[in-house]
Amino acid sequence: MRDYVIALSGEAGQGLNTIGDMLALSLFRNGFCIFTDKSYHSRIRGGEYIYRIRVSDTPLFSMRQEFDLIVSLSKSTTLSQLEYFHDKTTLIFDSDSDHVTTEDTGFEMNVMNFPFKTIAKEAGEPRAQNVVALGAILALFKVKMEIPSQLIEEVFSGKDEVIKSNLEALERGYNLELSIDIPDFETNENNYYLVNGTEGTGLGAIAAGCRFLSAYPMTPGTGVMNFLVSRAERYGIVVEQAEDEIAAVNMVIGGSFAGVRSLVTTSGGGFALMQEGISLAAMTETPLVMVDAQRPAPATGLPTRTAQEDLLFVVNAGHGEFPKYVVAPRTPKDAFELTEKAFYIADKYQIPAIILLTESLVDSSATVEAPIHNEEFLQRFVVEGGDKYRRFESTETGVSPRAVPGGKALVRVDSDEHDEEGYITENLKIRKMMVQKRMKKMKGLVGELTAPAKFNLDAPLILVGWGDSWGAIDEFATGRNDVGYVHYTEVFPIDPSIREELEGKRLVSVEGNFTGQFASLLRSKTGLNVEHIGRYDGRPVSANWIQKTLEEEGII
Amino acid sequence: MRDYVIALSGEAGQGLNTIGDMLALSLFRNGFCIFTDKSYHSRIRGGEYIYRIRVSDTPLFSMRQEFDLIVSLSKSTTLSQLEYFHDKTTLIFDSDSDHVTTEDTGFEMNVMNFPFKTIAKEAGEPRAQNVVALGAILALFKVKMEIPSQLIEEVFSGKDEVIKSNLEALERGYNLELSIDIPDFETNENNYYLVNGTEGTGLGAIAAGCRFLSAYPMTPGTGVMNFLVSRAERYGIVVEQAEDEIAAVNMVIGGSFAGVRSLVTTSGGGFALMQEGISLAAMTETPLVMVDAQRPAPATGLPTRTAQEDLLFVVNAGHGEFPKYVVAPRTPKDAFELTEKAFYIADKYQIPAIILLTESLVDSSATVEAPIHNEEFLQRFVVEGGDKYRRFESTETGVSPRAVPGGKALVRVDSDEHDEEGYITENLKIRKMMVQKRMKKMKGLVGELTAPAKFNLDAPLILVGWGDSWGAIDEFATGRNDVGYVHYTEVFPIDPSIREELEGKRLVSVEGNFTGQFASLLRSKTGLNVEHIGRYDGRPVSANWIQKTLEEEGII
Amino acid sequence: MSFLREVDPAWCPGCGNFPLRMNLASTLEEMGVDKSRFVMVTGIGQAAKMPHYLDVNFFNGLHGRSIPVAFAIKAVNPELTVIVESGDGDMYGEGGNHFIHGIRRNFDVTVLIHDNQIYGLTKGQGSPTTRKGQKTSVQLQGVINEPLNPLALAITMDASFVGRTFIGDKEHFNKVVSAAINHKGFSVVDIMQPCVTFNKVNTFKYYKEKLYDVSEADSSYDPTDKANAFKRALEWDDKIPMGIIYVNDKPTYHELHSVLKKGVVLAKEKTAIDISAELKAFR
Amino acid sequence: MSFLREVDPAWCPGCGNFPLRMNLASTLEEMGVDKSRFVMVTGIGQAAKMPHYLDVNFFNGLHGRSIPVAFAIKAVNPELTVIVESGDGDMYGEGGNHFIHGIRRNFDVTVLIHDNQIYGLTKGQGSPTTRKGQKTSVQLQGVINEPLNPLALAITMDASFVGRTFIGDKEHFNKVVSAAINHKGFSVVDIMQPCVTFNKVNTFKYYKEKLYDVSEADSSYDPTDKANAFKRALEWDDKIPMGIIYVNDKPTYHELHSVLKKGVVLAKEKTAIDISAELKAFR
Ligand SMILES: Cc1ncc(C[n+]2csc(CCOP(=O)(O)OP(=O)(O)O)c2C)c(N)n1
Ligand SMILES: Cc1ncc(C[n+]2csc(CCOP(=O)(O)OP(=O)(O)O)c2C)c(N)n1
Ligand code: SF4
Ligand code: SF4
Ligand SMILES: [Mg+2]
Ligand SMILES: [Mg+2]
């Protein structure tokens, strides 16, 4: 496996995101495999903004933290990255700017500088210095110039002058001829897509027929709302910004009750405010689909960083007892497919289904195969009903026929305990029956689960993981025969039969949290003894980090 | 063990609560041991209201559901109790009223009727029919007439005429001479108190120095607020009814931040709204003491019934990772003592401490020994600080010196991740250190735990329990040598060393829920395999219910 | 078509909710509301039990959260007539934020508040509309908070219809509530409803004596004059205004919303979206 | 005593919060506020970052929840001067319910809202005060909700002090904010603060041109006339009123509260209660 990591380092407001996206997309469209991530502060201008691009010839799903090339637009943000330099890291900066010296870093670096600003000025657009750098890097990878040219035309469409000067800047960048060695990548024709977790989730929701979304803005959950907003006119989606998260979840329950696939998106703190709503969906047996994009907590925590801290909180969300379905996608492709499945499961079992994302997943673009749209997942399980319709009819499976208001049946639902018709009751025999009815669904639900990903289960050490840590775990385990893994995307419920396969093995869970939440969950469902290592500084786990930490803990 | 169960059966608004309390208190003051419970609907007038009193000569802490004597004030509510009749149950009713016949019940009963209303009228107070019945029952137990007389004088104090006629009605009731066999109780001088769970918790809070309470009304959590309101003037307590639960929890955090022991009370649905607040307390390391009085859920559920359904929800409450302390008292005495301890632990570790009650505990009066007030628990751990004060100073124990505003130090706290001074930070090294600092407290916390109650651990079957199921479990196990138990009042954290004692035994958890939440918790902390039986129809477990259910499940 | 369900409501004998229920059912009947296209959304409280005593579609949700649920039902299915039924605690207390922001959306809904100036179901605590000084089960020394004025608040937020009526005046009730339902946009009706058990101040007699209809009292009363309506809404101690207090005929949410103004009924749309075209952009 | 902390605020260059900070610090200094008895309580947002850039006691809590925290701090320690610092989203959106009910309590607090008519920190979504039609990062076709009028709302709820000022007028800021702090009771000050990054409509220039002081414009302006203040508060499009809009000197929470009116400072009380006497009643 060949790979190469490029970092763009600067401040928020310097346009790094635009240029990073153009760089990533150009490389991708030229046939490279790409994985990106972002490290940024909770502010609008200034602070640190690092956009990293990992280039490889087969798809990878995690970042290598040490970069090979760093393009520095700001001295201070580059200095804060010194720990990620290695011996051969090349630093590029604008020779017209204040720059990082050996004195600053304390070690020798491979430094290159070019008068980006001057070149941009010569091209007729002083603000195009980033485009010069873009051209220089793309030339290094021998990316066909049409590709970025086309992007520039799209981005500045309508502004002919700007396009012209930017194309000029691009070309001058191409001609700079950096003398940097890069690996000899194979680039083939392929059927890949470049998608990030936000897009994967948003596309999945649209594919699933979601037509109503309500949310209150909260990083990093806002992206999915923005994505659906951007498609609202095209597909006839109503996106409502709520006054608070409580309103958001209740709106989505209302929309779903009335018959429309609906989605609410948030992050941990907002999810905290939706607990009573989850319990409401459970009691009224209204399908509820939620996105919780995790960030480090407690409380406000670190708004722009990543974590896997909400697992047990989400799994146990809502007062009272009821079935729920929780998924944690590994990749943007997964995000698409599991979002579709979440809508399906929510409808089929009339329960809350929660999609657990992370900041690193939503903010990272990866090269993925085409997400598979599953027609079956469009099934709504809505009946017409009639005169004698009973919304909470007791059935074998625990699932009652669901009608929506406006049709032939009168539909009655209640957050109090209720009888089969939906009327409030204090009859304790009916109560008991209703608890059993709701809980019966667990059986069907467990039957819907796909087995976790398994790799090399004969190895003496089995890593356990869930969600977007998969890329790092897979990368670490691949090629070692002393390590295998089991990795979950459907994290609740858990099929306890896994016990048979794992019993007696040394199990170490790798998680983006301190306490080892999945280890604890798996233990409670299976009795298996699961150790754990955790990263909780706000950065995603990487293959290197796993290696280092397992060594430190004496596990390998 | 001798016991006798009396049920008063009627509708809300018929004064059953007053008369039940007077009956219980008179029997108690005469030296009997008493356990009461109530079964009622979520309405103000009408519906079913059953007040049960279990009389015994040693303290008991659960109800026997089959009653020996039922005083019926309403035909329909009495008919709804038929399943709790046994062969020798005596039914008393007012011969002037519509009454329950053998035809209604389908079986022979021991029936007695007296013209209560007529007698009351003769005594000069037609509304005193309940007092006539009171007198009749108390005579049966040979309770000294001064005792109820004094109560009547207290209840109607100021209204001399009413007192006179009620005393007259009482005396006439005493003279009715019911021919009912009751057990031959021993009544001795004792040092017992008659307290219910609400009073135990409220008294504990006052003893702990709680001077600020905020709550939004929610059954069955409202009682503790009402209790503190009733003492507010006497002890200088500020009780604020909040506009919603979110306000309530944030107020209590504010009061605590400013230096006052503060309490928020609620029930499951309200607790759901406080999740973000819990996480805030954790991040700002502000002591937070909460009462969650459990009722059946999800959502609005059954407002006036009991359950143990909130355990995992509470244990995992709040997004993010942080230590918390959760207690579930067995008895009103426990409620007092654990409430004091909760304030102490919250202050000592600067964490959320949650007192998990149940409807059955708050609404049941029991005969208890004097609750033990612990002076040590008044310790506040508040420092004065000075110029260089740092609120979140890193320490060995994870506990930083806590100062309050208004003194020598400037006190800065932040819900974002912060540095030792309390200023917002996005420095990931500091983040990591802060997570470790907060989590370090777990060690000290585990050291504060008292061992669970253990009984007959050599038996082949060990029941596991938590909270107010203890009375029923203890009653069931006592005198059987094939059954032992381990019973928790401090339910989080759990000391995993219990594994050594319990490994290899058959463990069956007895819980007021469907899924066996404590079984699951214990398993996740110890790996022990714990089966469970659960009651989830809104009524408390009883010794009989345990027996029957274990038999049904083939466990005994 | 009767809107009444045969059932014995769990309210206290004499409760103002009994006449309210009868008035409401007859108003709906007289208006000829289509039952199959009618949905009642409620929170929790005595008021919120209403749909259990009627024969209607209903969503009896969480305490305080009826407005967002109602909003979304209407958003995805504009063909439904949506009514919110709530208490003073439910709507102005726990639900206060949704009340003010719901009004801002001006979606077509009628919000009926059973305003008994007390928390009934939870046994007599002060509500946002309990007057200063009144003693309650928690405010033993009397309420010290400034009471919330529902009409003034609704006018301030520019609700497009603001009214008040009384359970004891069937005709008036019918007039105001049917106008509210017929009005396109967010309609608020504060309904004075005595709680015989916990509110011994604001009794039937109290309301009967103080309530007067603004347009009966002053035939030139102009409900479109906002500042004047506000002034009226401030009246309380001597005389309490009722009737149609404020009206602002303005475009509704659906008329302004870029997607909904095309008349789409999302709840009836079945079109699956061809995602492959959308996916192409990610190649 | 300087209230400034030496630090580089994380706001965008040109943000209205910079002058706001300087104005506030100098107001506090000029008033001679005792730093050790001063507490700033905030929610989350750009505004809410303020205490990190000052040298003060602070509680930087949750988004939207500053008022209840401030209430309790003041309730248990009336010796503290408590200021809430918030944004338009934080206070009127997420925090709306606490805003209206906090006002009803009339505890002695000053609530400063950095009203930039946009969600700044979360990147430019419409806030409750964004005007109809304005396009934002989520309202791509323009906002369709009726804007919330903070002054009118505060007056309706009978806040005992309601004012507005502008970051660009230091003197005016000082005048209004110091009056608010000196005022006993719940004081609301809506501060017009341009967000240079996300709000291209309500700019410095926009405010500069439209804002006028009510008592400068009309020397007979009577801030105690509620209906008139309400009418003023409705002005916006041509001219935007600022200054001291409404004042109602009425007893505060502490003056009305049966326990607190005795002057007790709960935060300083150390007396342990002898519980045994209390327990006796349970024998
Ligand atoms: C989250 C939550 N908090 C509290 C409650 C308890 N509760 C039920 S109804 C109610 C108040 C009812 O008052 P109001 O809305 O005025 O209705 P009323 O009973 O007077 O008609 C409360 C506090 C609840 N069900 N849910
Ligand atoms: C519960 C919760 N929901 C959402 C957020 C995200 N959030 C942070 S600040 C903010 C809005 C800020 O807007 P405003 O109050 O107007 O402040 P500004 O940044 O404009 O000063 C939001 C939605 C959060 N921190 N917590
Ligand atoms: S408590 Fe009051 S509002 Fe509730 S049913 Fe009884 S009288 Fe009606
Ligand atoms: S986004 Fe707006 S409010 Fe926030 S710092 Fe930048 S200019 Fe100021
Ligand atoms: Mg009410
Ligand atoms: Mg703002």
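Scoring rules and cut-offs
Residues numbered from 1 in each chain as written. Chains lettered and ligands numbered in written order. Predicted model: local features only at pLDDT ≥ 70, side-chain atom pairs only at ≥ 80, totals over all residues. Heavy atoms only, no water. Helix = DSSP H or I, 4+ residues; strand = E, 2+ residues; numbered from the N terminus. Rg over C-alpha atoms; globule rule 2.2 N^0.38 Å. Buried < 20%, exposed > 50% of the residue type's maximum accessible area, 1.4 Å probe, protein only. Contact = heavy atoms within 4.5 Å. Areas by Shrake-Rupley, 256 points an atom, 1.4 Å probe, with all protein chains shown as cover. Lys, Arg positive; Asp, Glu negative; His and termini not counted. Charge placed at Lys NZ, Arg CZ, Asp CG, Glu CD. Near = heavy atom within 4 Å. Nonpolar A, V, L, I, M, F, W, Y, C, P; charged D, E, K, R; others polar. Buried area = accessible area lost by both parts, 1.4 Å probe. Salt bridge = Lys/Arg side-chain N within 4 Å of Asp/Glu carboxyl O. Polar contact = N/O pair within 3.5 Å; in protein donor to acceptor, adjacent residues only side chain to side chain. Pairing = 2+ DSSP bridges. Right-handed = clockwise from strand over helix to strand, strands pointing away. Axes fitted to C-alpha atoms, helices over the stretch in contact; angles between N-to-C directions. Parallel < 35°, antiparallel > 145°, perpendicular 65-115°, else oblique. Left-handed = near helix turned anticlockwise from the far one by under 90°. Donors = N, O, S within 2.8 Å, 3.2 Å for Na, K, Ca; no water. Least-squares fit on C-alpha atoms with pLDDT ≥ 70 in both.

J.: Where do I start with the overall build of chain A in this structure?
T.: If you tally the helices and strands in chain A, you get 20 helices and 21 strands. For 556 residues, the compact-globule estimate of 2.2 N^0.38 gives 24 Å, and the C-alpha radius of gyration of chain A, at 25 Å, lies within 12% of that figure. Dimensions of chain A along its principal axes, counting C-alpha atoms only, are 80 × 60 × 40 Å. Buried positions account for 69% of the 556 residues belonging to chain A. The long-range fraction of contacts in chain A, counting pairs at least 24 apart against all pairs at least 6 apart in sequence, stands at 70%. Here chain A has roughly 17600 Å² of accessible surface; of this, 45% comes from carbon and sulfur atoms. Each charge class in chain A was averaged separately, 54 positive and 79 negative side chains, and the resulting centres sit 5 Å apart.

J.: Would you mind going over the site of ligand 3 with me for this structure?
T.: Contacts to ligand 3 come from Ile44 of chain B together with Trp11, Cys12, Cys15, Gln46, Asn116, Gln193, Cys195, Val196, Thr197 and Phe198 of chain C. Chains contributing residues near ligand 3 are chains B and C. Residues belonging to the shell around ligand 3 are distributed by class as follows: seven nonpolar, four polar and no charged.

J.: Would you mind showing me how to read the interface of chain A and chain B here?
T.: In this complex, chain A contributes 64 residues to the contact, which on the side of chain B involves 64 residues. Counting each side, the surface lost to burial between chain A and chain B is near 5200 Å², with a carbon and sulfur contribution of 58%. Broken down residue by residue, the surface that chain A buries against chain B is led by His319, Glu321 and Glu426 of chain A, which jointly contribute 14%. Counting every contact that joins chain A to chain B gives four salt bridges. Close ionic contact of Lys429 of chain B with Glu83 of chain A constitutes a salt bridge, the shortest N to O distance being 3.7 Å. Counting across the chain A and chain B interface gives 26 residue pairs in polar contact (both at pLDDT 80 or more). Breaking the side of chain A that touches chain B down by element, the ones donating at least two residues are helix 11 (268–272), helix 12 (275–284), helix 13 (311–315), helix 16 (428–447) and helix 19 (517–526) of chain A. Sorting elements by how many residues they give to the side of chain A that touches chain B places helix 16 of chain A first, with eight residues. Looking at the side of chain A that touches chain B, its residues break down into 22 nonpolar, 24 polar and 18 charged.

J.: Would you explain the pairing of strand 6 (residues 186–192) of chain D in this entry?
T.: Within a regular strand, the side chains alternate between the two sheet faces. Residues and elements named next belong to chain D. Among the seven residues that make up strand 6, seven are buried, leaving the element largely enclosed by the rest of the structure. Of the two faces of strand 6, the one holding Phe186, Val188, Asp190 and Met192 and the one holding Ser187, Val189 and Ile191 are both buried throughout. As paired elements, strand 4 (residues 109–115) and strand 6 share seven bridges and run parallel to each other. Each residue of the ladder has a partner; that of Asp115, found in strand 6, is Met192. Of the strand pairs in this sheet, strand 5 (residues 161–166) and strand 6 are connected by six bridges, and their pairing is parallel. Bridge pairing links Thr165 to Ile191 in strand 6. For the crossover from strand 5 across helix 6 (residues 170–182) to strand 6, the handedness is right-handed.

J.: Mind showing me how you'd approach the sheet that holds strand 2 (residues 57–60) of chain C here?
T.: Whenever strands of a sheet pair, they do so through backbone hydrogen bonds, lying parallel or antiparallel. What the nine strands build is an open sheet, ordered 15(A)-2(C)-1(C)-3(C)-4(C)-6(C)-5(C)-8(C)-7(C); its pairing is mixed. The open sheet is flanked by strand 15 (412–414) of chain A together with strand 7 (211–213) of chain C, the only strands paired with a single partner. Adjacent strand axes in the sheet meet at a mean angle of 20° when their direction is disregarded. As defined by bridge partners, strand 1 (residues 38–42) of chain C adjoins strand 3 (residues 81–87) of chain C across five bridges and the pair is classed as parallel.

J.: What exactly am I supposed to notice about the packing of helix 14 (residues 332–349) of chain B against helix 16 (residues 428–448) of chain B here?
T.: Each pair of packed helices gets described by two things: the angle between the helix axes and the distance between those axes. Residue and element names in this part refer to chain B. Running from N to C, helix 14 and helix 16 cross one another at 155°; their axes reach a closest spacing of 11 Å. The angle between helix 14 and helix 16 places the two elements in the roughly antiparallel class. As helix 14 packs across helix 16, the resulting crossing turns out to be right-handed. Of helix 16, the residues touching helix 14 (which contributes Lys341, Tyr344, Ile345, Lys348 and Tyr349) are Lys441, Gly444, Leu445 and Glu448.

J.: When you look at the coordination of the magnesium ion (ligand 6) in this model, what are you seeing that I'm missing?
T.: Put simply, a metal with four donors set out as a tetrahedron has ideal angles of 109.5 degrees, and one with six donors set out as an octahedron has ideal angles of 90 or 180 degrees. Residues and elements named next belong to chain D. Each protein donor to the magnesium ion (ligand 6) is listed here as Asp88 (OD), Asn116 (OD1) and Ile118 (O); together their distances run 2.0 to 2.2 Å. Spacing between the donor residues of the magnesium ion (ligand 6) along their common chain follows D-x27-N-x1-I. Residue Asp88 is located in helix 3 (residues 88–94), and its partner Ile118 is located in the loop between strand 4 and helix 5 (150–156); the two are separated by 30 residues in the primary sequence. For Asp88, a relative accessible area of 2% puts it in the buried group. By relative accessible area, Ile118 is classed as buried at 1%.

J.: For this particular structure, what's the right way to read the coordination of the magnesium ion (ligand 5)?
T.: Residues and elements named next belong to chain C. Taken together, Asp88 (OD), Asn116 (OD1) and Ile118 (O) make up the full set of protein donors to the magnesium ion (ligand 5), lying 2.0 to 2.2 Å away. Of note, the magnesium ion (ligand 5) draws all its donor residues from one chain, in the sequence arrangement D-x27-N-x1-I. Highlighted residues: Asp88 in helix 3 (residues 88–94) and Asn116 in the loop between strand 4 (109–115) and helix 5 (150–156), separated in sequence by 28 residues. We note that Asp88, like Asn116, is buried.

J.: Can you help me understand the sheet that holds strand 3 (residues 81–87) of chain D in this one?
T.: In spatial order, the strands read 15(B)-2(D)-1(D)-3(D)-4(D)-6(D)-5(D)-8(D)-7(D); together these nine strands make up an open sheet with mixed pairing. At either end of the open sheet lies a strand with only one pairing partner, and these are strand 15 (412–414) of chain B together with strand 7 (211–213) of chain D. Shown here is a sheet whose adjacent strand axes are inclined to one another by a mean of 20°, direction ignored. Across five bridges, the pairing between strand 3 of chain D and strand 4 of chain D is parallel. Pairing of Val84 of chain D across the sheet is with Val111 of chain D, part of strand 4 of chain D.

J.: How should the relation of the copies chain A and chain B be read in this particular structure?
T.: Put simply, the second copy of the chain is the first one after a rotation about an axis and a shift along it. Take chain A, turn it by 180°, move it 0.0 Å along the axis, and it overlays chain B with an RMSD of 0.0 Å. In symmetry terms, the pair is related by a two-fold rotation axis. Ranked by how close their C-alpha atoms come to the rotation axis, the residues of chain A are headed by Ser524 of chain A, at 2.0 Å.

J.: Got a minute to help me understand helix 6 (residues 146–155) of chain B in this structure?
T.: Within helix 6 of chain B, burial applies to Ile147, Pro148, Ser149, Leu151 and Ile152 of chain B. Check the buried side of helix 6 of chain B and you find it contacts helix 1 (16–29), helix 5 (129–140) and helix 7 (160–174) of chain B.

J.: Explanation requested: the interface of chain D and chain A in the structure shown.
T.: How big an interface is tends to be expressed through the accessible area that disappears when the partners come together. In this assembly, 30 residues from chain D lie in contact with 20 residues from chain A. Applying the counting rule to chain D against chain A returns zero salt bridges. Summed over the shared surface of chain D and chain A, the result is six residue pairs in polar contact (both at pLDDT 80 or more). The class makeup of the residues in the side of chain D that touches chain A is twelve nonpolar, 14 polar and four charged.

J.: Got a minute to help me understand the site of ligand 4 in this structure?
T.: Around ligand 4, the surrounding shell consists of Ile44 of chain A together with Trp11, Cys12, Cys15, Gln46, Asn116, Gln193, Cys195, Val196, Thr197 and Phe198 of chain D. The environment of ligand 4 is shared, with nearby residues belonging to chains A and D. Partitioning the shell around ligand 4 into residue classes produces seven nonpolar, four polar and no charged.

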